[in-house]
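Here is how the chains run, residue by residue.
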Amino acid sequence: MKTFILLTISIFFIAVPVLAETPTVSSVEKHLMCTCGCTMPLYTCECQKSEEMRTEIKQMIERGMTQQEILDSYVSRFGEKILSAPTKKGFNLVAWILPFLSVILVGGVLIKTVKRWSHPETKQESGPSEKLDPKYLEQLENELSHFEEKGE
Amino acid sequence: MIEFGEISLSLALVLSLYAVVTSFISLRNSTFEFWWSAKRAVISNFLLLSVSIGILAYSLAIKNYSLKYVAEHVSNGLPTFYAISALWAGQSGSLLLWAWLLSLFTLVVLWQNRNFQFRLIPHVITTLSAILFFFLILLVFITNPFERMAFAVTEGQGLNPLLQNPGMMFHPPTLYLGYVGFSVPFAFAIAALLNRKLDSEWIVLTRRWTLFAWLFLSIGILLGAKWAYVELGWGGYWGWDPVENASLMPWLTGTAFLHSVMIQERRGMLKIWNVSLIVITFLLTIFGTFVTRSGIISSVHSFGASSLGYVFLAFLVLLITVSVYLIFTRREELRSDYHFDSYLSRESSFLFNNLILVGSAFAILWGTLFPVISEAVRGVKITVGPPFFNSVNVPIGIVLILLTGVGPLIAWRKASTHNLVRNFLYPGIGFFLALIILWFIGIRDLYPLLSFSLISFVLTGIVMEFYRGVRARKRVEQNIFRAFINLILKHRRRYGGYIVHIGVMLIFIGITGSSAFKAEVEKTLRNGETINLKNYQLTFLGVDYYKTANAEVLNASFRVKKDNKDLGVITPAKEYHPLQDQTMTEVAILSDYREDLYLILGGVDDDAVYVKAHINPLVAWIWWGGYVLIIGTLIAMWPSKKREATQSPVPKKTFNLKKTATPIGA
């Protein structure tokens, strides 16, 4: 169940940016790479090839194609590498989910560990300060918080 | 003369290996002669590499085309300062700069520890010299900057026009200062592991080195962003290119390290994590170099595919093996002295800040490597570009802003309810006030709403910290301004850190504003026609054509009005560089604190021009944030004589000269 919740949260994060319903050259070119070999996204490239691609996209929009249809047309000709980001399906989902999942899982482990360490039972072993008389411990806490207010 | 450069390089190669061996033996055998000799080898290495780099720089300045490197990177019409900057424009020149900086830093470490009160130093020199040895192998055997031309030429191929920009002149050297700077704390960590001396000594000794490296890496990244913004002409400052990512990853892990070492210094915790973090940071600097040189991952910054990549890969594997072995075999000594008292403590908040920073670095590394992984698993080439990195890093970045605010407000060990209420009340008000104001002015998107509100939370918290500090100092100082200045000067590390946080928040304001609220329009215009973008009107006035020493330039002039107020004429341009057969876009930018008007000349056709105009809100805040970050870091790293005299980080008794190495210390 926990894993399911974490996965749902991860997918929520990655699903926030959605494709625009009415395509424009700008909205489409953000999802494509330039084919001139410059390795740059289309919207950042100024070469002749990029101009030709923009003209083609403009014509496709004028023909009434949706953004997804335009992207599919490029993928069919150039392969997946023409897309500026991995698709959100199949093995590519690993690319999208793993960063969030690893942060969430490691975060969960950290919370549990810190909780365990700060538990009174384990405090017995955690350092000499715990062996202090409660009166001195209270004084130490006060001084530390005072020190905290005053300096580094 | 060129022969001297080449011979110096070969001699430095031999001497760096000699320094590795002698410095290592000197501590093992407690032999003075070996240590004395190792020190001389380090000094000689710096002198030899200074000769080499000096000769290459001079050859570039006088355009000595008998050298292949010179012929490939400069041309007759190139101004001398750009010709010298070609030192870091190519593969072998930039590696020579790296090696020279490393030899300089090794010398500085030696000088800083000339009284030799710390047992770690010989092994620090061993590690730094070993890294230098690796770079010199590359320079002598694989990519020699002194390689001659097979035939005589009278004109060079010239410097890439994109690199002919003042920002670009300083961007690579500042990045290298950062990359090479991280070698020093890494070397201290390895020395601490070798010596099994894993208390906080190595951290205290390298605090300024870490800040120095972090500062220059920050400046390098910001200069790169500024250069991309001004020179590349696509309207943005960060393209998530693999090489940009390679500079951001060590910055993120270095930032995590700067925070987590405080926990070890104060509480003797996270020793294994700190050693691992600096090892990871250094490995990422080498990984960045590997990305640039290998051609394995596609990037606009690549020097092209070469065998150098595999040598770097082998070096990376060696570094990982040695580091993992040392950490694993010392795991008992790396156990924490204490444990966390509560998850409501500054230690825990730093721990989670580390998680987010390292998580972000991992996300970037994962995205950078995923095309290679995808090809290996599915046999399908894919691209991982800006949409991926933005989607993944924006939520992580927002959590990071939150933790930046929480960290300084929460008490060490265990926050009491009183501490939480007292410290979080005003920042909390700051957060909700910003949220309400932003909502009422019409901002509804989740990310900018959260980002700006959390920035308000962080900044309110910092202002309150300054207020409380000044109020406390007012008991001994009459003048409020003096109280403010003395507060910073007497607690440089703490308040310098707060100023850095302010700088980072200003950068986040710029990033959020320019990403969330940008507007753009593209249009073909004839003489006298106007385009409107928000409250700007741009009227096309005409085109000028002229030649410079290196290029043919087409200027398009536009009169700009904002709310009908005349702001003058701006001239975006297209430059054609015949020598490189390359066309460049020179954008025109009108900037103020609210927004940048960014005009790109797309193309010229008879009397018509195709232009793209962008409104990039709050971009200037990124550069101002950079200045504040620099000031804050300088304050935090500035040495305090009084403090150092009274609070020497490690008592000199720690290393007993007589017992271990009687004659050492010359």
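Residues numbered from 1 in each chain as written. Chains lettered and ligands numbered in written order. Predicted model: local features only at pLDDT ≥ 70, side-chain atom pairs only at ≥ 80, totals over all residues. Heavy atoms only, no water.

Novice: Could you clarify how one ought to interpret the overall build of chain B in this entry?
Specialist: A tally of helices and strands in chain B yields 21 helices and 10 strands. Every one of the 666 residues in chain B was classed for burial, and the buried ones make up 59%. In chain B, of all internal contacts separated by at least 6 residues, the share reaching a separation of at least 24 is 72%. Looking at chain B as shown, the accessible area adds up to about 27100 Å², and 64% of this sits on carbon and sulfur atoms. (Helix = DSSP H or I, 4+ residues; strand = E, 2+ residues; numbered from the N terminus. Buried < 20%, exposed > 50% of the residue type's maximum accessible area, 1.4 Å probe, protein only. Contact = heavy atoms within 4.5 Å. Areas by Shrake-Rupley, 256 points an atom, 1.4 Å probe, with all protein chains shown as cover.)

Novice: What is the right way to look at the overall build of chain A in this model?
Specialist: Across its full length, chain A holds 7 helices and 0 strands. When the helices and strands of chain A are listed from N to C terminus, the series reads α-α-α-α-α-α-α. For chain A, long-range pairs separated by at least 24 residues make up 48% of all intrachain contacts whose partners lie at least 6 apart in sequence. For chain A, the accessible surface area stands at approximately 9100 Å², while carbon and sulfur atoms represent 63% of it.

Novice: Can you help me understand the interface of chain B and chain A in this one?
Specialist: Think of interface size as the accessible area that goes away when the parts come together; that is how it is often given. Taken together, the contact between chain B and chain A spans 58 residues of the former and 54 residues of the latter. A combined buried area of about 5100 Å² lies between chain B and chain A, and 63% of that area is made up of carbon and sulfur atoms. When the buried area of chain B at its contact with chain A is split by residue, B:Trp234, B:Thr383 and B:Arg413 rank highest and sum to 11% of it. Along the contact surface separating chain B from chain A lie 1 salt bridge. The salt bridge involving B:Arg378 is made with A:Glu80; its shortest N-O contact spans 2.7 Å. Our count for the chain B to chain A interface comes out at 9 residue pairs in polar contact (both at pLDDT 80 or more). (Buried area = accessible area lost by both parts, 1.4 Å probe. Salt bridge = Lys/Arg side-chain N within 4 Å of Asp/Glu carboxyl O. Polar contact = N/O pair within 3.5 Å; in protein donor to acceptor, adjacent residues only side chain to side chain.)

Novice: Looking at this structure, how should I read the packing of helix α9 (residues 201–232) of chain B against helix α19 (residues 619–637) of chain B?
Specialist: Packed helix pairs are specified by the crossing angle of their axes together with the interaxial distance, meaning the distance between the axes. All names here are of chain B. Put simply, α9 and α19 touch, their axes get as near as 10 Å, and they point 165 degrees apart. In this view, α9 runs roughly antiparallel relative to α19, as classed from their interaxial angle. As for the relative orientation of α9 and α19, their crossing is left-handed in sense. Along its contact with α9, which presents Arg-207, Arg-208, Leu-211, Phe-212, Trp-214, Leu-215, Ser-218, Ile-219, Leu-222, Ala-225, Lys-226 and Tyr-229, the element α19 presents Val-619, Ile-622, Trp-623, Gly-626, Leu-629, Ile-630, Thr-633, Leu-634, Ala-636 and Met-637. Split into classes, the residues belonging to the contact of α9 with α19 amount to 16 nonpolar, 3 polar and 3 charged. (Axes fitted to C-alpha atoms, helices over the stretch in contact; angles between N-to-C directions. Parallel < 35°, antiparallel > 145°, perpendicular 65-115°, else oblique. Left-handed = near helix turned anticlockwise from the far one by under 90°. Nonpolar A, V, L, I, M, F, W, Y, C, P; charged D, E, K, R; others polar.)

Novice: In this structure, what is going on with the pairing of strand β8 (residues 588–591) of chain B? I would like to understand it.
Specialist: The side chains of a regular strand alternate, residue by residue, between the two faces of the sheet. Residues and elements named next belong to chain B. Relative to strand β9 (residues 595–605), β8 runs antiparallel, the two being bridged by 4 bridges. For Ala-588, the partnering residue across the bridge sits in β9 and is Leu-599. Counting the residues between successive antiparallel strands, the hairpin from β8 to β9 contains 3 residues. (Pairing = 2+ DSSP bridges.)

Novice: What should I look at first to understand the packing of helix α2 (residues 32–61) of chain B against helix α5 (residues 91–112) of chain B in this one?
Specialist: All names here are of chain B. Between α2 and α5, the least distance of the axes is 9 Å, while the angle of their chain directions is 145 degrees. The crossing of α2 and α5 is left-handed. Here Trp-35, Lys-39, Val-42, Ile-43, Asn-45, Phe-46, Leu-49, Ser-50, Ser-52, Ile-53 and Leu-56 of α2 come into contact with α5, specifically with Gly-93, Leu-96, Leu-97, Ala-99, Trp-100, Ser-103, Leu-104, Thr-106, Leu-107 and Leu-110. By residue class, the composition of the contact of α2 with α5 is 14 nonpolar, 6 polar and 1 charged.

Novice: How do you make sense of the state of the cysteines when you look at a structure like this?
Specialist: Every disulfide links exactly two cysteines, by a covalent bond between their sulfur atoms. Residues and elements named next belong to chain A. For the structure on display, the rule yields 0 disulfides over all chains. For the unlinked cysteine Cys-34, the closest cysteine sulfur is that of Cys-36, found at 3.5 Å. Among the residues examined, Cys-34 registers a relative accessible area of 7% and is labelled buried. (Disulfide = S-S within 2.5 Å.)

Novice: What exactly am I supposed to notice about the sheet that holds strand β10 (residues 608–617) of chain B here?
Specialist: Across a sheet, strands are paired by hydrogen bonds formed along the backbone, either parallel or antiparallel in direction. Residues and elements named next belong to chain B. An order of β1-β10-β9-β8 is seen for the 4 strands of this open sheet, with the pairing classed as antiparallel. At either margin of the open sheet sits one strand with a lone partner, and together these are β1 (519–526) and β8. Looking at each pair of strands side by side, their axes are set apart by 20 degrees on average, direction ignored.

Novice: Even after reading the chapter, I still don't get the nonpolar core, so can you show me in this structure?
Specialist: For soluble globular proteins, the rule of thumb is that nonpolar side chains tend to be buried together. Residues and elements named next belong to chain B. One finds Phe-135, Leu-136, Phe-188, Trp-202, Ile-286 and Phe-312 to be the most contacted residues of the largest nonpolar core, which totals 193 residues. Examining the composition of this core, we find that 18 residues originate from one element, α9, more than from any other. Discounting chain neighbours no more than four positions away, the residues touching Ile-286 are Trp-98, Phe-135, Phe-312, Phe-315, Leu-316 and Leu-319. Core analysis: the next-biggest nonpolar cluster, separate from the first, contains 19 residues, Leu-533, Tyr-536, Leu-597 and Ala-613 among them. (Core = buried A, V, L, I, M, F, W, Y, C linked by side-chain atoms within 4.5 Å.)

Novice: I tried to follow unusual backbone geometry on my own but got confused; where do I start?
Specialist: Residues other than glycine predominantly adopt negative phi, and peptide bonds predominantly adopt the trans conformation. All names here are of chain B. In this model, Lys-63 sits at a positive phi of 55 degrees, which is unusual for a non-glycine residue. One non-glycine residue, Arg-196, adopts positive backbone phi at about 55 degrees. Structurally, Arg-196 can be placed in the loop between α8 (183–195) and α9. A relative accessible area of 43% places Arg-196 in the partly exposed class.

Novice: Can you help me understand the confidence of the model for chain A in this one?
Specialist: Any region with low pLDDT has predicted coordinates that should not be read closely. With 65% of its residues at a pLDDT of 70 or more, chain A shows a mean pLDDT of 75. The low-confidence segment residues 11–20 of chain A, where pLDDT is below 50, has 19 contacts with residues more than four positions distant or belonging to other chains. (pLDDT = per-residue confidence, 0-100.)

Novice: Sorry, what's going on with the packing of aromatic side chains here?
Specialist: For any pair of aromatic rings, the description rests on two quantities: the centre-to-centre distance and the angle between the ring planes. Residues and elements named next belong to chain B. Under the criterion given, the structure shown has 38 aromatic pairs over all chains. Between Trp-98 and Tyr-176, the aromatic rings sit 5.6 Å apart at their centres with planes inclined by 55 degrees, giving tilted as the arrangement. Here the residue Trp-98 occupies a position in helix α5, and Tyr-176 occupies one in helix α7 (residues 166–181), the gap between them amounting to 78 residues. Here Trp-98 falls in the buried class, since its relative accessible area comes to 1%. Judged by relative accessible area, Tyr-176 falls into the buried class, the value being 9%. A centroid spacing of 5.9 Å and a plane angle of 50 degrees characterise the contact between Trp-621 and Trp-624, whose relative ring orientation is tilted. You can see Trp-621 and its partner Trp-624 sitting in helix α19, 3 residues apart, about one turn around the helix. (Phe/Tyr/Trp six-rings, centres within 6.5 Å; stacked < 30°, edge-to-face > 60°.)

Novice: I tried to follow the side chain of B:Arg346 on my own but got confused; where do I start?
Specialist: All names here are of chain B. With respect to the helices and strands, Arg-346 occurs in helix α13 (residues 346–378). Arg-346 sits in the buried class, given a relative accessible area of 10%. Within the local environment of Arg-346, its side chain forms a polar contact with the backbone oxygen of Pro-408, the two atoms lying 3.0 Å apart.

Novice: Which parts of the structure should I look at to understand the pattern of salt bridges?
Specialist: When charged atoms on two side chains of opposite charge get close, those side chains can pair. All names here are of chain B. Counting across every chain of the model gives 18 salt bridges over all chains. One salt bridge connects Glu-333 with Arg-196, and the closest N-O pair in it is separated by 2.8 Å. You can see Glu-333 sitting in the loop between α12 (308–329) and α13 and its partner Arg-196 sitting in the loop between α8 and α9, a full 137 residues away along the chain. We classify Glu-333 as partly exposed; its relative accessible area is 29%. Here Glu-201 ties to Lys-197 by a salt bridge, and the two come within 3.2 Å at their closest N and O atoms. By relative accessible area, Lys-197 is classed as buried at 16%.

Novice: Whenever I open this one, a nonpolar patch on the surface confuses me. Can you help?
Specialist: Side chains of B:Leu425, B:Tyr426, B:Ile429, B:Leu433, B:Ile437 and B:Ile441 sit close together on the surface and give an oily, nonpolar patch of about 600 Å² of accessible area. In this structure, B:Ile437 sits in helix α15 (residues 417–440). (Patch = residues over 30% accessible without salt bridge, like charges linked within 9 Å, V, L, I, M, F, W, Y side chains within 5 Å.)

Novice: Teacher, can you tell me more about the confidence of the model for chain B here?
Specialist: All names here are of chain B. Across chain B, the average pLDDT comes to 87, with 93% of residues at 70 or higher. Taking the mean pLDDT of every element in chain B, the minimum, 38, falls on helix α21 (residues 657–660) and the maximum, 96, on α19. Contacts of residues 643–666 to residues separated by more than four positions or lying in other chains number 33 contacts, the stretch itself having pLDDT below 50.

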